[in-house]
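# A structural walkthrough
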Amino acid sequence: MFPVMLENLKNTNVTLIGGGSVAYHKVLNLQRFGIRPTVVSPAFHPSLLTLAREGTVRLVPKEAAWEDVENAFLTILVTNNETVNDQLALQLKDAGKLVVHASNPSLGTAQIPAVTTRGKLVISVSTSGASPSLAKKIRSEIAEQYDERYEEYLDFLADVRHYVKQHIPKRENRKTWLAEAIEPIYLHDKEERQKFMNELYYAFPKEHELQDEAVLKVQCGF
Ligand SMILES: C[C@@]1(CC(=O)O)c2cc3[nH]c(cc4nc(cc5[nH]c(cc(n2)[C@H]1CCC(=O)O)[C@@](C)(CC(=O)O)[C@@H]5CCC(=O)O)C(CC(=O)O)=C4CCC(=O)O)c(CCC(=O)O)c3CC(=O)O
Ligand SMILES: NC(=O)C1=CN([C@@H]2O[C@H](COP(=O)(O)OP(=O)(O)OC[C@H]3O[C@@H](n4cnc5c(N)ncnc54)[C@H](O)[C@@H]3O)[C@@H](O)[C@H]2O)C=CC1
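Here is a short report on the structure shown in this document. (Residues numbered from 1 in each chain as written. Chains lettered and ligands numbered in written order. Predicted model: local features only at pLDDT ≥ 70, side-chain atom pairs only at ≥ 80, totals over all residues. Heavy atoms only, no water.)

### Brief notes about the pattern of salt bridges
- Tallying each qualifying case throughout the model produces eight salt bridges.
- We note a salt bridge from Glu141 to Lys137, for which the minimum N-O separation is 3.8 Å. Of this pair, Glu141 and Lys137 both sit in helix 5 (residues 132-145), separated by four residues, roughly a single helical turn.
- By relative accessible area, Glu141 is classed as partly exposed at 46%.
- Take Lys137: its relative accessible area is 49%, and that puts it in the partly exposed class. (Salt bridge = Lys/Arg side-chain N within 4 Å of Asp/Glu carboxyl O. Helix = DSSP H or I, 4+ residues; strand = E, 2+ residues; numbered from the N terminus. Buried < 20%, exposed > 50% of the residue type's maximum accessible area, 1.4 Å probe, protein only.)

### Some words on the environment of Asn104
- Of note, Asn104 is situated in the loop between strand 5 (98-101) and strand 6 (114-118).
- Taking the C-alpha atoms as reference points, Asn104 and Ile138, separated by 34 residues in sequence, lie 22 Å from one another.

### Comments concerning the site of ligand 1
- Around ligand 1 sit 21 residues, and of these Lys26, Ser103, Thr127, Gly129 and Lys136 come closest.
- Contact distances for ligand 1 include 2.8 Å between an oxygen atom and a backbone N or O atom of Ser103.
- Protein burial of ligand 1: of its 1100 Å² of free accessible surface, 62% is covered by the chains.
- If you list the elements that add at least two residues to the shell around ligand 1, you get helix 1 (21-32) and helix 5.
- Among the elements that make up the shell around ligand 1, the one with the highest residue count is helix 5 (five residues).
- Across the shell around ligand 1, the residue classes tally to nine nonpolar, nine polar and three charged.
- Looking at the shell around ligand 1, you find at least three residues from each of domain 1 (1-111) and domain 2 (113-142). (Near = heavy atom within 4 Å. Polar contact = N/O pair within 3.5 Å; in protein donor to acceptor, adjacent residues only side chain to side chain. Areas by Shrake-Rupley, 256 points an atom, 1.4 Å probe, with all protein chains shown as cover. Nonpolar A, V, L, I, M, F, W, Y, C, P; charged D, E, K, R; others polar. Domains from an automatic or database assignment.)

### Comments concerning the sheet that holds strand 2 (residues 38-40)
- Pairing is parallel in the open sheet, where five strands are placed in the order 3-2-1-4-5. Because the sheet does not close on itself, it has two edges, and the strands there are strand 3 (58-60) and strand 5. On average, adjacent strands in this sheet sit at an angle of 20° to one another, irrespective of strand direction.
- Bridge count between strand 4 (residues 74-77) and strand 5: four bridges; the pairing is parallel. Looking at strand 5, one finds that Leu77 is bridged to His101.
- Here helix 4 (residues 82-94) sits on the sheet in contact with strand 1 (14-17), strand 4 and strand 5, set at roughly 160° to strand 5. (Pairing = 2+ DSSP bridges. Axes fitted to C-alpha atoms, helices over the stretch in contact; angles between N-to-C directions. Contact = heavy atoms within 4.5 Å.)

### Things to note about the site of ligand 2
- By nearness alone, 20 residues border ligand 2, and Val22, Lys26, Ala43, Ala64 and Asn80 come closest of all.
- Backbone polar atom of Gly19 to an oxygen atom of ligand 2: 3.2 Å apart, as the coordinates give it.
- Measuring from an oxygen atom of ligand 2, one finds a backbone N or O atom of Ser21 at 3.2 Å.
- For ligand 2, whose free accessible area comes to 870 Å², the fraction covered by protein is 68%.

### Description of the environment of Ser106
- Relative to the helices and strands, Ser106 resides in the loop between strand 5 and strand 6.
- On the accessibility criterion, Ser106 (56% relative accessible area) is exposed.
- C-alpha of Ser106 to C-alpha of Thr79: the two residues are 27 residues apart in sequence and 16 Å apart in space.

What follows is the structure in structure tokens.
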């Protein structure tokens, strides 16, 4: 099992095969990440019909066939027909595609973990198919510790890192500032975060970069 984070999936073809209660749950999960999936199924859970009316999911009312999945970046197999799930999983795997087989994970090439997000922080727990219930429990326990405060805190850390990468040329110096930023005081105290930023701006002013750029431009004759 090799974990990986996928991004830029907003306009990517993600297809679910089967439109029951598990499909509905998986669609809600995908939507949390800005994905607008397609569901292929001869019948749909009423909540999926509601989502389709809102325009957040595309429904294709038919029994699934190869052409429904051949162009999908990711396919999630959630029918109650094992023959259909197994057959498509086999074909998709052979074609080198990402496929989740929700009732026999070993036949797929990917699995969906239990996830909670705190802004940029993603808490993701998998038991490799051994116990989805335990994955859910552990995820909730971790999420209690890494609560909503981490959302703003991660934004602060991202800003610090962005600035440090642009304005501190030496790697050792960068490391010192980045290590200081993850001290607990900055999680708890907004004013301390502002103080930290001010100290960073003072130690490595933006003007330097602007001046350097101006010199460079003169030297290059722009
Ligand atoms: C392989 C996988 C499919 C995949 O990769 O998508 C899979 C497979 C199966 N799940 C089954 C059952 C349940 N699944 C849940 C819940 C979740 N299941 C999720 C993932 C996965 N489930 C993947 C492995 C992940 C891993 O191991 O870490 C979560 C984490 C994420 C999500 O679905 O989005 C989500 C919690 C999300 C949340 O709340 O945040 C509950 C509990 C509940 O609903 O409260 C139950 C009932 C209790 C139980 O059985 O444990 C069954 C038996 C069906 C039957 O009895 O027929 C199978 C099939 C089998 O095992 O054969
Ligand atoms: N979190 C997870 O990953 C979980 C996965 N499962 C697995 O998910 C699967 C689906 O469970 P439910 O949604 O509860 O079943 P369900 O019976 O509510 O829905 C099954 C859906 O598959 C559709 N379907 C049947 N034949 C089809 C075909 N040839 N092509 C396209 N669609 C077809 C049906 O019309 C129906 O909409 C089960 O195999 C179960 O083992 C179950 C629980 C949790």
